[in-house]
Amino acid sequence: MENPLKLKRIHHVEFWVGNARQSAYFYRQGFGFSQVAYSGLETGQRQRASYALSQGKANFILTTPMTPDDLAADHIRKHGDGVRDIALEVEDADQAFAEAVRRGAQAAEEPHDVRDEHGAIRRAAVHTYGDTIHSLISYKDYEGPFLPGFVAAPLAGDDCGILRVDHIVGNVELGKMQYWADYYTRVFGFHRYITFDDKDISTEYSALMSIVMSDDSHSVKFPINEPAAARNKSQIQEYIEAYGGAGAQHIALQCKDVLYTVRKLQRNGLDFLRVPDAYYDALPSRVGPVEESLAELRSLGILVDRDEEGYLLQIFSKPVEDRPTVFFEVIQRKGSRGFGKGNFKALFESIEMEQARRGNL
Ligand code: FE2
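Residue positions within a chain follow its written sequence, with the count starting from 1. Owing to the predicted nature of the model, reporting of local features is limited to residues with pLDDT of at least 70; listing and counting of side-chain atom pairs is limited to 80 or more, with chain, interface and lining totals taken over all residues. Side-chain measures were taken over the full set of non-hydrogen atoms in the model, leaving aside hydrogen atoms and water.

1. Observations concerning the overall build of the protein chain
Just so we agree on the cut-off: Starting at the N terminus, helices and strands are each numbered in turn, a helix being any DSSP run of H or I of at least four residues and a strand any DSSP run of E of at least two. Computation of the radius of gyration draws on C-alpha atoms, with the globule rule given as 2.2 Å multiplied by the number of residues to the power 0.38. Relative accessibility thresholds used throughout: buried, under 20% of the residue-type maximum; exposed, over 50%; partly exposed, between the two (1.4 Å probe, protein chains only). Residue contacts are counted whenever heavy atoms from the two residues lie within 4.5 Å of one another. Shrake-Rupley sampling with a 1.4 Å probe provides the accessible areas, and residues are treated as covered by the protein chains on show and by no other component. Only four residue types enter the charge count, namely Lys and Arg as positive and Asp and Glu as negative; His and the chain termini do not. To locate a charge, take NZ of a lysine, CZ of an arginine, CG of an aspartate or CD of a glutamate.
Each helix and strand in the protein chain was counted, giving nine helices and 17 strands. Against the globule reference of 21 Å for 361 residues, the protein chain gives a C-alpha radius of gyration of 20 Å, in line with a compact fold. Put simply, the protein chain has 361 residues, and 56% of those count as buried. A fraction of 67% describes how many contacts in the protein chain between residues 6 or more apart in sequence connect residues 24 or more apart. Carbon and sulfur atoms provide 50% of the accessible area of the protein chain, an area that totals close to 15,000 Å². With 42 positive and 52 negative side-chain charges, the protein chain shows a separation of 1 Å between the mean positions of the two kinds.

Now the structure itself:
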């Protein structure tokens, strides 16, 4: 197994947002995350306010700048709310950082201790696509509520059955997909897991290409998308223009019972993409027998795909900001380790209808 940075898992995803207090409320009330910890003025942090949320093994931080000269303020002005940091836990942040830089990664933060009365972690960061970074975090003796600098601030959410982050997709500029796929191979030792070209992912109007990069244990998967030429504007190009460059497109959250999770998320008011009803008429002949009721899949708008290993159930939210940028996927895997290739066409036609409504097709 090749794991040059001794990567263990996705530690958390940090969003830089215009109003972290309200975003935290959205992820608690909408997605069922529980608030775990807080850092801000009351804890002596005058630069930024941060809320740490978790559900299952998925951890999010919502951070907002307290002053206009903070780096996060520039990020929000340029990108709107978005993913700043896909933070990775590693065995040894010093070793991981040195190895990443030796392998060609651009340094974002030199290794340093972050400490409070609960102990210390070691932290560094490297750049990836756009203004996105990968923090590299290793634990020394920290035993506090989340990370040093945070105080416990528990606020229970109504758990929606989300287990973990399944994958995080990056959208990059035309012609840059191969570069970033190579970056994950060169720096992280990832391998190419699946490639989708414009023949797999095209409709009458628009197209995209995608390479899924994965670590050897398949616990961290980062698909990279780029726009492809077609009659109309690719959804990836729409994202790049709205986000002001490359960035994280969607976070897939794995759950144990997709019917339960999606029922709750819809009751919480989250908006999901819908495919035409004809999709469900064709479903039995396309994927064969599944354990879930077809009527319920249809009423919730859940998509199904099957490959040699089994099947998966998935659904996609609409963008969770006003700019058509970051959205979420909810996925349950029943054997399949794929990404729902059989759903691409129906799904992208549905995305295009939304793009057309936004005047961006
Ligand atoms: Fe996905």
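2. A short note on the coordination of the iron ion
What counts here: Coordinating donors are taken to be N, O and S atoms lying within 2.8 Å of the metal, or within 3.2 Å when the metal is Na, K or Ca; because water is excluded from the atom set, some sites may appear incomplete.
At the metal site, the iron ion is ligated by His167 (NE2), His250 (NE2) and Glu329 (OE), and these contacts range over 2.0 to 2.2 Å. Ordering the donors of the iron ion by residue number gives the pattern H-x82-H-x78-E. Pair noted here: histidine 250 is in strand S14 (residues 247–255) and glutamate 329 is in strand S17 (residues 327–334), with a separation of 79 residues, a long-range link. Since its relative accessible area comes to 8%, histidine 250 is described here as buried.

3. Some words on helix H1 (residues 20–31)
Each full turn of the α-helix corresponds to 3.6 residues, which orients residues three or four apart in the same direction. As a reminder of what qualifies: Helix span is expected to be 1.5 Å times the residue number reduced by one.
Spanning twelve residues, H1 covers 15 Å between terminal C-alpha atoms, matching the ideal 16 Å at 1.5 Å per step. Among all positions of H1, only Ala20, Ser23, Ala24, Tyr27, Arg28, Gly30 and Phe31 are buried. Positive phi shows up at glycine 32, right after H1, with a value of about 80 degrees.

4. Here we look at the sheet that holds strand S13 (residues 221–228)
Strand pairing in a sheet relies on backbone hydrogen bonds. The paired strands run either parallel or antiparallel. Formally: Strands were regarded as paired on the criterion that DSSP finds at least two bridges between them. Angular values range over 0 to 180 degrees, each being the angle between N-to-C directions of two axes fitted as lines to C-alpha atoms, with helices fitted over their stretch in contact.
With mixed pairing, eight strands are arranged side by side in an open sheet as S11-S12-S13-S10-S14-S17-S16-S15. On the outer flanks of this sheet lie strand S11 (191–196) and strand S15 (303–307), each paired with one strand and no other. On average, each strand axis in the sheet is tilted by 25 degrees relative to the strand beside it, whichever way the strands run. Where strand S12 (residues 207–214) meets S13, eight bridges bridge the pair, whose relative direction is antiparallel. In the strand pairing of S13, serine 214 is matched with lysine 221.

5. A word on helix H3 (residues 93–102)
What counts, and what does not: Within 3.5 Å is the distance limit for a polar contact, defined as a pair of N or O atoms, with the added protein rule that one can donate a hydrogen and the other accept it, and that residues adjacent in sequence qualify only through two side-chain atoms.
Of the residues making up H3, those classed as buried are Ala93, Ala96, Phe97, Glu99 and Ala100. Tucked into the core, H3 has its buried residues touching strand S5 (82–90), strand S6 (107–116), strand S7 (119–127), strand S8 (133–139) and helix H4 (177–188). The residue sitting at the N-terminus of H3 and contributing the capping side-chain oxygen is aspartate 92; that oxygen lies 2.9 Å from the backbone nitrogen of aspartate 94. Looking one or two places after H3, you find glycine 104, whose phi comes out positive at around 110 degrees.

6. Notes on unusual backbone geometry
Positioned with a positive phi, lysine 6 is a non-glycine residue whose angle comes to about 50 degrees. A positive phi is found at histidine 218, a non-glycine position, where the angle reads about 60 degrees. Along the polypeptide, histidine 218 turns up in the loop between S12 and S13. Look at histidine 218 and you get partly exposed, because its relative accessible area is 23%.

7. Examining the sheet that holds S7
Ordered by their spatial adjacency, nine strands build an open sheet running S6-S7-S8-S5-S1-S4-S3-S2-S9, and the pairing between neighbours is mixed. On the outer flanks of this sheet lie S6 and strand S9 (151–155), each paired with one strand and no other. Direction aside, the axes of adjacent strands within the sheet are offset by 25 degrees on average. Pairing of S6 with S7, which is carried by seven bridges, proceeds in the antiparallel orientation. Bridge pairing links alanine 107 to valine 126 in S7.

8. Side note on the pairing of S15
The pairing of S15 with strand S16 (residues 310–316) spans five bridges and is classified as antiparallel. Residue pairing for S16: arginine 306 is matched across the bridge by tyrosine 311. Linking S15 back to S16 in an antiparallel pair, the connection comprises two residues.

9. A few points about the side chain of glutamine 249
As for its placement among the helices and strands, glutamine 249 is situated in strand S14. With residues near it in sequence (within four places) discarded, glutamine 249 still touches Val169, Gly170, Asn171, Asn225, Gln235, Ile236, Tyr239, Thr325, Val326 and Phe327.

10. What to know about the packing of aromatic side chains
Just so we agree on the cut-off: We call Phe, Tyr and Trp rings a pair once their centres come within 6.5 Å, taking the six-membered ring for Trp, and we label the pair stacked below 30 degrees between planes, edge-to-face above 60, and tilted otherwise.
Under the defined criterion, the tally for this structure stands at 31 aromatic pairs. Considering the side-chain rings of phenylalanine 15 and tyrosine 27, the 5.6 Å spacing of their centres and the 35 degrees angle between planes classify their relative orientation as tilted. Taken together, the residues phenylalanine 15 in strand S1 (residues 7–16) and tyrosine 27 in helix H1 connect sequence positions twelve residues apart. With relative accessibility at 3%, the residue phenylalanine 15 sits in the buried group.

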